[in-house]
Amino acid sequence: MSRRLPIFLLGVVATVAIGCAVQGKPFEKASLPPGNAVIYVYRPYSYASSLIRPAITCGEDTLRISPGGYHAFIVPAGQKVVCSVQTDAGSDEVDIQTERRSYYIREELGWGRMTSMSHINTVDTDKAQTEIQSCVQEPETAQATQTGSSK
C-alpha cells in the first residue's frame, strides 16, 4: 500500500501539469478586416494560477483564457471599447479608444487574502510581441459566451 500512494500522487501531478496547458495553434496575427481593430488578450503561463480561468469581456464578447493562451477580439475601429475581467475578489477594466491597429492586453493573476485577483493591463507592442509568442490560440470551446463577432 505504501508504494501505491507515491505512484498515485505522481499520476495526479502529471495529469494536472499536462491538463492545464492550453492546446492550440501558436500565436499568429489575425487578419484585420477593413474598419476594425484587433485587441489581443493574452495570459502568460503561470503554474500557480493554472486552475483559475476568470471570464474576460472585450466589447460584446466574453470568454475564458487559460494560462499560456490568447484570443484576438475583433472590434470596430473609432469606438471606445471596454475590456474587463471579474472574479469573486473584484474586477479590473481597461478602456481603449480604438483605431485601425492592434492592441495588446495582458491578464495576470495575483493572490489576495485567501483568493485570487485578476488584473488586466495594456502592454506596448514591442513587449507584447515577445510575451505573446509563447502563447497559443484558445480553442473555441473555451468561450463562455459570444454575442458579437470575434472570429
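Quick caveat: nothing in here was measured; it's all calculated off a predicted structure. (Residues numbered from 1 in each chain as written. Predicted model: local features only at pLDDT ≥ 70, side-chain atom pairs only at ≥ 80, totals over all residues. Heavy atoms only, no water.)

Enquirer: How should I be thinking about the overall build of the protein in this particular structure?
Expert: Within the protein, the regular secondary structure consists of two helices and ten strands. Its helices and strands taken in sequence order, the protein reads α-β-β-β-β-β-β-β-β-α-β-β from the N to the C terminus. Put simply, of all contacts in the protein between residues at least 6 apart along the chain, 66% involve residues at least 24 apart. Here the protein displays about 8900 Å² of accessible surface, and carbon together with sulfur accounts for 55% of that area. (Helix = DSSP H or I, 4+ residues; strand = E, 2+ residues; numbered from the N terminus. Contact = heavy atoms within 4.5 Å. Areas by Shrake-Rupley, 256 points an atom, 1.4 Å probe, with all protein chains shown as cover.)

Enquirer: Could you clarify how one ought to interpret the sheet that holds strand β8 (residues 116-122) in this entry?
Expert: Sheet strands pair by backbone hydrogen bonding; their relative direction is either parallel or antiparallel. The sheet built from five strands is open, its strands ordered β8-β7-β1-β4-β9 with mixed pairing. Lying at the two open borders of the sheet, with one neighbouring strand each, are β8 and β9 (136-137). As judged from the eight bridges shared by strand β1 (residues 36-43) and strand β4 (residues 69-76), these two strands associate in the antiparallel manner. Directly across from R43, in β4, lies its bridge partner G69. Sheet strands touched by helix α2 (residues 125-132): β1, β4 and β7 (102-111). Its angle to β7, the strand with the most contacts, is close to 65°. (Pairing = 2+ DSSP bridges. Axes fitted to C-alpha atoms, helices over the stretch in contact; angles between N-to-C directions.)

Enquirer: I would appreciate a short explanation of the pairing of strand β3 (residues 61-64) in the present structure.
Expert: A regular strand places its side chains so that they alternate between the two faces of the sheet. Sheet analysis places strand β2 (residues 55-58) next to β3, joined by four bridges and oriented antiparallel. Bridging across to β3, T57 finds its partner in T62. Between the antiparallel neighbours β2 and β3 lie two residues, among them G59 with a positive phi of about 65°.

Enquirer: What is the right way to look at the nonpolar core in this model?
Expert: Grouped burial of nonpolar side chains is what soluble globular proteins tend to show. The biggest cluster of nonpolar side chains holds 17 residues, and the ones touching the most others in it are I39, V41, F73, C83 and I105. When residues of this core are traced back to their parent elements, those giving at least two are β1, β2, β4, β5 (80-87), β6 (90-97) and β7. Those residues within four positions of C83 in sequence are excluded, and the remaining contacts are I39, T57, C58, D92, E93, V94, I105 and I120. Of all hydrophobic cores here, the second largest spans twelve residues; its members include F27, V38, Y42 and Y104. (Core = buried A, V, L, I, M, F, W, Y, C linked by side-chain atoms within 4.5 Å. Buried < 20%, exposed > 50% of the residue type's maximum accessible area, 1.4 Å probe, protein only.)

Enquirer: Quick question: what am I supposed to make of the packing of aromatic side chains here?
Expert: Working definition: an aromatic ring pair is given by the centre-to-centre distance plus the angle between the planes. Scanning the model with the defined rule gives four aromatic pairs in all. Geometrically, the ring pair formed by F27 and Y40 is edge-to-face, given 5.4 Å between the ring centres and 70° between the ring planes. One end of the pair, F27, is in the loop between α1 (4-20) and β1; the other, Y40, is in strand β1, with 13 residues separating them in the sequence. Each member of the pair, F27 as well as Y40, carries the same accessibility label: buried. Note on Y40 and Y104: the rings are 5.1 Å apart at their centroids and 15° apart in plane angle, and the pair reads as stacked. A residue pair is termed long-range when its members are at least 10 positions apart, and Y40 in strand β1 and Y104 in strand β7 qualify at 64 residues. (Phe/Tyr/Trp six-rings, centres within 6.5 Å; stacked < 30°, edge-to-face > 60°.)

Enquirer: In this structure, what is going on with the environment of V136? I would like to understand it.
Expert: Examined against the element boundaries, V136 turns out to sit in strand β9. Residues V136 and G69 lie 67 residues apart in sequence; the distance between their C-alpha atoms is 4.8 Å.

Enquirer: Just to check I follow, could you spell out the environment of E107 for this structure?
Expert: Tracing the backbone shows E107 in strand β7. For E107, a relative accessible area of 1% translates into the label buried. In this view, E107 contacts Y42, R43, P44, P54, I56, I65, V85, S118, H119 and I120; residues no more than four positions away in its chain are not counted.

Enquirer: What is the right way to look at the state of the cysteines in this model?
Expert: Each disulfide consists of a covalent bond between the sulfur atoms of two cysteine residues. Throughout the structure, instances matching the rule amount to one disulfide. The disulfide partner of C58 is C83, and the S-S distance across this bridge is 2.0 Å. Across the disulfide from C58 to C83, rotation about the S-S bond amounts to roughly 115°, and the bridge is consequently right-handed. Of this pair, C58 sits in strand β2 while C83 is found in strand β5, placing the two residues 25 residues apart along the sequence. Each member of the pair, C58 as well as C83, carries the same accessibility label: buried. (Disulfide = S-S within 2.5 Å.)

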